[in-house]
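What the coordinates show
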Amino acid sequence: MLSNLKLQPQDKILQLIQMFREDPRDTKIDLGVGVYKDANGLTPVMRAIKSAEQQLWQSETTKSYTGLAGEPAYQDAMIGLVLGAAVPRNRIAAAASVGGTGAIRQALELVRMASPDATIWISNPTWPNHPSIIKYLGMKMAEYRYFDADSGAVDFDGMCEDLAQAKAGDVILLHGCCHNPTGANLNMTQWSEVVRILQATGATPFIDIAYQGFGDGLEEDAAATRLVASSVPECLIAASCSKNFGIYRERTGILMAIGETAASQPVTQANLAFLNRQNFSFPPDHGARLVTMILTDDTLRTEWQTELEQVRLGMLSLRTQLADALRVASGSDRFGFLAQHRGMFSRLGTTPEMVEKLRAEHGIYMVSDSRMNIAGLNARTIPILAKAIIDCGI
Ligand code: PMP
């Protein structure tokens with residue numbers, strides 16, 4: 001039986017990590033992998049997480065199963081964080097998931113159960129796991145234009161033109177903030193236009209929000225999600241706690257499914273629990289419990305928000321420093337978009353050949369689509385990167 005299996009395509013980022021490890025140059029720079037790193041290249045456990053873990057160790061009396069959809073307190077805390085009071089609580093079904101990826105997978109399975117012929121619209125480009133899971137589930141997929149490589153900004157006209165082709169019953173996958181891989185995002189006026197298109201087409205938005213607090217601030221980064229969710233009858237949201245709580249390996253996420261009225265909520269909720277049951281039964285609880293403790297305790301929450309804000313401002317400063325260094329090195333403002341981008345990533349907007357040249361000649365590692373992890377930079381490496389970009393003729 002096992003001999004029937006074929007090799008699966010290797011994950012490009014994991015390949016890149018391996019090549020980076022094997023590169024002997026001490027000037028090498030890793031901008032590939034998608035985790036936050038501080039100035040020392042470390043991905044630390046956040047202080048509030050450490051404090052919550054200490055408290056939990058003292059107070060936890062059982063590790064018996066949680067609920068199939070996770071703990072109601074976790075659902076409430078996360079609904080509060082992502083949606084605030086934008087949507088009445090009684091319209092929202094929610095289930096804890098295995099990371100944000102698990103929430104995406106469950107959301108798509110829910111769509112497939114409810115509407116097997118739905119087309120899922122994804123941005124071009126998007127996080128590669130999106131098309132990969134959609135294809136694996138055998139669902140229909142279409143792309144909408146998103147990035148304009150020349151300006152480094154969103155191709156908003158192209159995006160609107162494509163989204164207007166969506167049909168009622170289709171699902172439009174949107175990044176709530178900090179678009180991965182481009183770093184280019186819509187402003188609120190543009191989000192209002194997206195809402196208008198959603199209303200006109202009758203397509204259902206599905207928002208993936210994995211970087212709340214990494215862009216313009218916790219509330220600011222949730223504004224688009226709240227606007228969309230409060231403006232349409234139905235909305236799906238997959239949220240991840242991996243980045244903003246720094247708990248990548250705890251696998252903490254949540255799926256929210258908002259129905260038109262409160263009457264449909266119990267059925268949706270039962271379907272979310274059913275899907276968890278089919279896939280893994282009970283969701284992981286450790287990370288979800290830490291998140292709940294932090295979000296519901298004033299001291300822990302303040303500690304968390306303070307550190308998250310430091311992380312956010314640190315990345316913003318790296319962006320400005322890189323854009324400045326490139327302005328000096330190129331004698332032009334053509335890389336100014338890097339300071340406008342938000343989140344952990346920016347797409348430089350160059351060819352795979354140039355990305356390979358940066359790696360071969362300068363030991364700079366980024367994904368072949370020219371996505372850079374801004375958090376992989378520091379004050380020492382920024383001038384090296386800027387010089388390499390210009391030396392390569394980008
Ligand atoms: N969506 C996007 C766009 C992401 O970049 C990520 C993390 N790489 C996720 C969702 C989910 O991450 P996780 O499963 O680790 O929570």
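Along the protein chain, the regular secondary structure elements total 14 helices and 13 strands. Its C-alpha atoms give the protein chain a radius of gyration of 21 Å, within 12% of the compact-globule value 21 Å for 394 residues. Its C-alpha atoms give the protein chain principal-axis dimensions of about 60 × 55 × 55 Å. Taken across its 394 residues, the protein chain has 54% of its residues classed as buried. Long-range contacts, defined as pairs at least 24 residues apart, comprise 75% of the intrachain contacts of the protein chain with a sequence gap of at least 6. Accessible area for the protein chain stands at about 17700 Å²; split by element, carbon and sulfur atoms hold 53% of it. Averaging the locations of the 36 positively and 42 negatively charged side chains of the protein chain gives two centres separated by 4 Å.

Working note: α-helix, 3.6 residues per turn, so residues spaced by three or four point in the same direction. Listed in full, the buried residues belonging to helix H1 (residues 12-22) are Leu-16, Ile-17 and Phe-20. Angular distribution of buried residues about the axis of H1 spans 105°; they occupy a single face of the element. Residues of H1 that are exposed and point more than 90 degrees away from the buried face comprise Leu-14, Arg-21 and Glu-22. Tucked inside the fold, the buried residues of H1 contact strand S1 (29-30) and strand S12 (364-365).

What follows covers the site of the ligand. Around the ligand sit 13 residues, and of these Thr-101, Asp-208, Tyr-211, Ser-240 and Ser-242 come closest. Between Ser-240 and the ligand, the recorded distance is 2.7 Å, taken from a side-chain N or O atom to an oxygen atom. At 2.6 Å, a side-chain N or O of Ser-242 approaches an oxygen atom of the ligand. Contact with the protein chains hides 90% of the accessible area of the ligand, taken as 400 Å² for the molecule alone. The element best represented in the shell around the ligand is helix H4 (residues 99-114), accounting for four residues. Of the residues belonging to the shell around the ligand, the class tally is four nonpolar, six polar and three charged.

Each assigned domain of the protein chain is listed with its residue range as follows: domain 1 (12-45 + 304-391) and domain 2 (65-296). In this structure, domain 1 and domain 2 have C-alpha centres spaced 27 Å apart. Opposite the 21 residues of domain 1 that make contact, domain 2 presents 27 residues. Note on domain 1 versus domain 2: buried area summed over both sides is about 2000 Å², and carbon and sulfur give 63% of it. Area buried by domain 1 at its contact with domain 2 is led by Trp-304, Arg-342 and Arg-347, which between them contribute 33% of it. Across the domain 1-domain 2 interface, the total number found is one salt bridge.

A few words now on the environment of Met-344. Mapping Met-344 onto the fold places it in the loop between helix H12 (337-340) and strand S11 (345-347). For the pair formed by Met-344 and Gly-183, sequence separation is 161 residues and the distance between their alpha carbons is 7.3 Å. In this structure, Met-344 is in contact with Gly-34, Val-35, Tyr-36, Tyr-211, Phe-214, Lys-243, Met-315, Arg-319, Met-372, Asn-373, Ile-374 and Ala-375, ignoring residues within four places of it in sequence.

So, about unusual backbone geometry. Here the bond from Asn-124 into Pro-125 is cis, since omega is 5°, no more than 30 degrees from zero. Turning to its location among the elements, Pro-125 is positioned in the loop between strand S3 (119-124) and helix H5 (129-136). That bond from Asn-180 to Pro-181 is cis: its omega, 20°, falls within 30 degrees of zero. Phi at Ser-281 is positive, roughly 65°, even though this residue is not glycine. Secondary-structure assignment places Ser-281 in the loop between helix H9 (265-279) and helix H10 (286-296). In this structure, Ser-370 is a non-glycine residue whose phi angle is positive, near 75°. Here Ser-370 lies in the loop between S12 and strand S13 (371-373).

About the criteria used
- Residues numbered from 1 in each chain as written.
- Predicted model: local features only at pLDDT ≥ 70, side-chain atom pairs only at ≥ 80, totals over all residues.
- Heavy atoms only, no water.
- Helix = DSSP H or I, 4+ residues; strand = E, 2+ residues; numbered from the N terminus.
- Rg over C-alpha atoms; globule rule 2.2 N^0.38 Å.
- Buried < 20%, exposed > 50% of the residue type's maximum accessible area, 1.4 Å probe, protein only.
- Contact = heavy atoms within 4.5 Å.
- Areas by Shrake-Rupley, 256 points an atom, 1.4 Å probe, with all protein chains shown as cover.
- Lys, Arg positive; Asp, Glu negative; His and termini not counted.
- Charge placed at Lys NZ, Arg CZ, Asp CG, Glu CD.
- Arc of directions from axis to C-beta.
- Near = heavy atom within 4 Å.
- Polar contact = N/O pair within 3.5 Å; in protein donor to acceptor, adjacent residues only side chain to side chain.
- Nonpolar A, V, L, I, M, F, W, Y, C, P; charged D, E, K, R; others polar.
- Domains from an automatic or database assignment.
- Buried area = accessible area lost by both parts, 1.4 Å probe.
- Salt bridge = Lys/Arg side-chain N within 4 Å of Asp/Glu carboxyl O.

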